[in-house]
Every structure is written in C-alpha cells, then in structure tokens.
Amino acid sequence: MNLADAWASVDDRAAGDFWRTMEDRSPGLVPERVAPLLFHALGQLMLGSDDRAGRAALLVVLGRAYRCYDLLPHALTIGDALLATVARHGHPLWTPPLAFAGERAVDRATHAVRRAAARVGVGPAWWPAQVIGHERPSPGVAILTVRPWRRLPHQPGHAVPVCTPRLPGRWRWLSPANAPRADGTVEMHVRAVPAGTVSHHLVHEVRPGELLWLGPPANTGLCLRGGDLLLVAGGTGLAPLRALVEQVAAAPDGRRVTLVVGARTFTDLYDAITLDKLQRAHGWLTVVPAFSHDPCAEPAEQGDALTVALQHHAASQTVYACGPPLMLAGARLRLLAAGVPADRIRLPVTL
C-alpha cells in the first residue's frame, strides 16, 4: 500500500472536508471556492511525478496561490489539514507507516511551494475559462477556444498552465496560438498523449460549455524581437509561433516573416486553412510546409522542418523553433552548424 493508493480512495467530498478542517483550525484562512483547487493541487504535488513539465506548471500555480491568499505563514496548518483529510477518507488504508510517508511527502511539497512562491510574481493564481470551441482538425489534435472570465494577461510566446476538472490537480503547459484579442478569447492547440493525461482529456473528452482553469502565463523565451523572422514549427509547436505572426500583423514595421510548418503528411497539417488565410492577407508572410513522411509532397517540401527551414534561411533573420522534444534536442547545434549566429536563435526554455 502506498500514498497513491490512499489518494485514489479519496472521493469528491474530501475537498469540502479539507476546507472545513482548515476552518476549524484557522477560520477564514482559505475561501471555500479556492479549497478544492488547492486540495487537489497539493495532493498531486504530495504524490510526486516523473512529469517535470507538469510539476513545474503545478508549482507555478501553487506558488502564486500561496502568495495571492497570503498562505505562506500558514503552510504547516494547510499541510496538516491535507493529511488529516486524506487519513479520514483513506481509512482503513491509512496505517502508521503510511502516515509517516505522508508527513514526509507533505513536508517536501511544502518546501517546494515555498521555493516556487519566492520565484513567481504577484497576481491571480488561476482564471476560470469556459470552452466555447472544440475542433478536431486532425487525428489526435484539438483546437480549443476558451473565454476566461477575466482577461488573461498573456503575450505571444507565453505558455499557460491548464487544468480540467475532469482531472483535478493536474496541470499542463499550453501555448496560446493567438495574440491578445479584443474579446479576450484564447485559442490553444493540443496533441493527445496516452490516456489519463490532461492532454488526452482536452482532446477526446472536453466539450464546449465546460470549465477549464488557466494558470499564470509564463515567458518561454519565444517573445518577439526586432528584424526579419524565420519561424520553424513542428506539430502543435505551431501555436506560439502563429501567435507571433499575429503580433507582427498588428504592426508589420517592414519586417518579413517565413513560417515553416512541419508535419508527417499533408493530413497532419492541422491548421492549414488559418495559415492560408494569414498568408493571403499579409504580403510579408511566406508559409512553407515541410513533410517528413509524405512521398507525394513537392521535392522542396520534403524533409523535417529544420532541414526545409534552412533552405529558406537568410542572414537577416532571427530563427525561432518550437516543436516536440525530438525536434528541439539537436536544433541549436544544427542551426549553429548552418551558420546561424547564437544570438539569433530562439528556442523555448524549460519551465
């Protein structure tokens, strides 16, 4: 028996019990509406995970929550309330050895939240957002449009932690695919990974009308700089780069932009209609597809995204690349070897 088994036995009533436990020990510490999000997030952090990106997203949200609601002086009280709640709802699984393991796990989680709170800025910890659009343009890919209840202060190139109530406590980074809009809506591109993950639920389960939670936007190192651009996108790495295109469209300033979009085959090019509209509307934009596994593609379009992109590289361009880990793993070395100066290479940082 381990902590994960005990946590799995906790039902939806536990979040309300967690709030009542805190009210008994420290009245008014946490608003009732905040308690479920806090309970599930702390529980996931206590359990630990090999998903480094998901843990980073979770800590950004929790660090901001502890600052927003002034919870740092009460971190031990909150940790004790969490353990007491899990013990009650996990009985008879909650044995003395498991209680000891839980205390150590909560202690580690509390220290991690304190460190995170020291790094994050001030402001809301999360924004409720309603799903108003859900499209499936390609197998395993969804385009979600959400409307936050309050304007989300994101910029092109940012990433945002996202959580669905279908999988409470688990957060995943997604990058908005648009520059800020007058109506405040945000578009996100999601590729499904194995069942039981946030992305799987967002692609296959979530529907318009449902609620999501968005965490504080974070800079990934892809924010816009001056001059001409060569944008290299692989898969849903297109999202932050398309947002940069929209940002340039608001103030072109004489620059030229080449956007290379990588996909395995033509049917995997999931955002083709929007990209075509952007290219038709803006003479300074050139969109180039790159197909790694499509023998029917034109010769100039065959190859991985970086290979095709380097055929279009000019000395005046700053190169932005975003895509799956396999694409990014050797991207910097390939670009440097091709003669791209280091100060003109922009890759997403690990959050």
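Please refer to the structure higher up on the page.
Novice: Got a sec to walk through the overall build of the chain? Specific residues and values, please.
Specialist: Of the regular secondary structure elements, the chain holds 12 helices and 12 strands. Relative to its length of 351 residues, the chain is compact, with a C-alpha radius of gyration of 22 Å against a globular reference of 20 Å. Overall size of the chain, expressed as C-alpha extent along the three principal axes, is 65 × 40 × 40 Å. Across the chain, contacts joining residues at least 24 apart in sequence account for 73% of those joining residues at least 6 apart. Accessible surface computed for the chain: about 16100 Å², of which carbon and sulfur atoms make up 54%. Each charge class in the chain can be summarised by its mean position, and for the 35 positive and 29 negative side chains these summaries are 4 Å apart.

Novice: Residues and numbers for the side chain of His-158, please.
Specialist: With respect to the helices and strands, the residue His-158 is situated in strand S3 (residues 158-163). Polar side-chain contacts of His-158 include one of 3.0 Å to the backbone nitrogen of Gln-155. The residues touching His-158, leaving out its near neighbours within four places in the chain, are Pro-153, Ser-175, Pro-176, Pro-217, Ala-218, Asn-219, Thr-220 and Cys-223.

Novice: Please give an account of the pairing of strand S10 (residues 285-291) that cites residues and values.
Specialist: Counting buried positions over the seven residues of S10 gives six, a clear majority of the element. Across seven bridges, strand S9 (residues 257-263) lies against S10 in parallel orientation. Paired with Ala-263 across the two strands is Phe-291, which belongs to S10. Once you follow S9 into helix H9 (residues 272-281) and on to S10, the crossover reads as right-handed.

Novice: Can you break down empty space enclosed by the protein residue by residue, with the values?
Specialist: Under the counting rule described, the total for this entry stands at three cavities of 30 Å³ or more. Taken as a whole, the largest cavity holds about 50 Å³ of empty space. Lining of the largest cavity is provided by Leu-42, Tyr-66, Ile-78, Gly-79, Leu-82, Val-106, Ala-109 and Thr-110. At the level of secondary structure, the elements contributing two or more residues to the lining of the largest cavity comprise helix H5 (75-90) and helix H6 (96-119). Broken down by class, the residue content of the lining of the largest cavity amounts to six nonpolar, two polar and no charged.

Novice: Can you tell me about the pattern of salt bridges, naming the residues and giving the values?
Specialist: By the definition in use, this model includes nine salt bridges. The salt bridge involving Glu-210 is made with Arg-166; its shortest N-O contact spans 2.7 Å. Taken together, the residues span a long stretch of sequence, with Glu-210 in the loop between helix H7 (198-204) and strand S6 (211-214) and Arg-166 in the loop between S3 and strand S4 (172-174) at a distance of 44 residues. Across the pair Glu-187 and Arg-242 runs a salt bridge, and its minimum N-O distance is 2.8 Å.

Novice: Could you give me a rundown of the pairing of strand S8 (residues 228-234), with the residues and numbers involved?
Specialist: Most of S8 is tucked away: six of the seven residues are buried. Sheet topology places S8 next to strand S11 (residues 317-322); six bridges connect them, and they run parallel. Each bridged residue has a counterpart across the sheet, and for Asp-228 the counterpart in S11 is Gln-317. Looking at chain direction, S8 and S9 are connected through six bridges and run parallel.

Novice: Residue-level account of the side chain of Asn-178, with values.
Specialist: Position of Asn-178 among the secondary structure elements: in the loop between S4 and strand S5 (186-191). Here Asn-178 falls in the buried class, since its relative accessible area comes to 0%. Reaching out from Asn-178, the side chain makes a polar contact with the backbone nitrogen of Glu-187 at a distance of 2.7 Å. Leave out the neighbours within four places in its chain, and Asn-178 touches His-154, Thr-185, Val-186, Glu-187, Arg-242, Ala-243 and Glu-246.

Novice: Tell me what's going on with the state of the cysteines, and back it up with residues and numbers.
Specialist: Across all of its chains, the model carries zero disulfides by this definition. With no disulfide of its own, Cys-68 lies closest to Cys-163 among cysteine sulfurs, the gap being 17 Å. A relative accessible area of 39% places Cys-68 in the partly exposed class. Of the cysteine sulfurs around Cys-322, a residue in no disulfide, the closest is that of Cys-223, at 12 Å.

Novice: Please provide a residue-by-residue account of helix H4 (residues 52-68), values included.
Specialist: Residue pairs spaced three or four apart in an α-helix point in one direction, given the helix's 3.6 residues per turn. Spanning 17 residues, H4 covers 24 Å between terminal C-alpha atoms, matching the ideal 24 Å at 1.5 Å per step. The complete set of buried residues in H4 reads Gly-54, Ala-56, Ala-57, Leu-58, Leu-59, Val-61, Leu-62, Gly-63, Arg-64, Ala-65 and Tyr-66. In this fold, the buried residues of H4 make contact with helix H3 (35-47), H5, H6, strand S1 (127-138), S3 and S4. After H4 finishes, the residue Asp-70 shows a positive phi value of roughly 55 degrees.

Novice: Describe the sheet that holds S8, with residues and values.
Specialist: The parallel open sheet is built from five strands, whose spatial order is S10-S9-S8-S11-S12. The open sheet has two edge strands with one neighbour each: S10 and strand S12 (345-346). The sheet contacts of helix H8 (residues 238-250) involve S8, S9, S10 and S11, and relative to S8 the element is tilted by about 155 degrees. Its contacts with the sheet put H9 on S9 and S10, and the angle it makes with S10 is roughly 150 degrees.

Novice: An account of the environment of Ala-14 is requested, with residue identities and associated values reported.
Specialist: Position of Ala-14 relative to the elements: it lies in helix H2 (residues 13-25). Between the C-alpha atoms of Ala-14 and Ala-329, which are 315 residues apart in sequence, the distance is 42 Å.

Conventions and cut-offs
Residues numbered from 1 in each chain as written. Predicted model: local features only at pLDDT ≥ 70, side-chain atom pairs only at ≥ 80, totals over all residues. Heavy atoms only, no water. Helix = DSSP H or I, 4+ residues; strand = E, 2+ residues; numbered from the N terminus. Rg over C-alpha atoms; globule rule 2.2 N^0.38 Å. Contact = heavy atoms within 4.5 Å. Areas by Shrake-Rupley, 256 points an atom, 1.4 Å probe, with all protein chains shown as cover. Lys, Arg positive; Asp, Glu negative; His and termini not counted. Charge placed at Lys NZ, Arg CZ, Asp CG, Glu CD. Polar contact = N/O pair within 3.5 Å; in protein donor to acceptor, adjacent residues only side chain to side chain. Buried < 20%, exposed > 50% of the residue type's maximum accessible area, 1.4 Å probe, protein only. Pairing = 2+ DSSP bridges. Right-handed = clockwise from strand over helix to strand, strands pointing away. 1 Å grid on protein atoms, 1.4 Å probe; cavity = no way out; pocket = protein on both sides within 12 Å on 5 of 7 lines; lining within 4 Å. Points joined across faces, edges and corners; volume = space filled by probe spheres on them. Nonpolar A, V, L, I, M, F, W, Y, C, P; charged D, E, K, R; others polar. Salt bridge = Lys/Arg side-chain N within 4 Å of Asp/Glu carboxyl O. Disulfide = S-S within 2.5 Å. Expected span 1.5 Å × (residues − 1). Axes fitted to C-alpha atoms, helices over the stretch in contact; angles between N-to-C directions.

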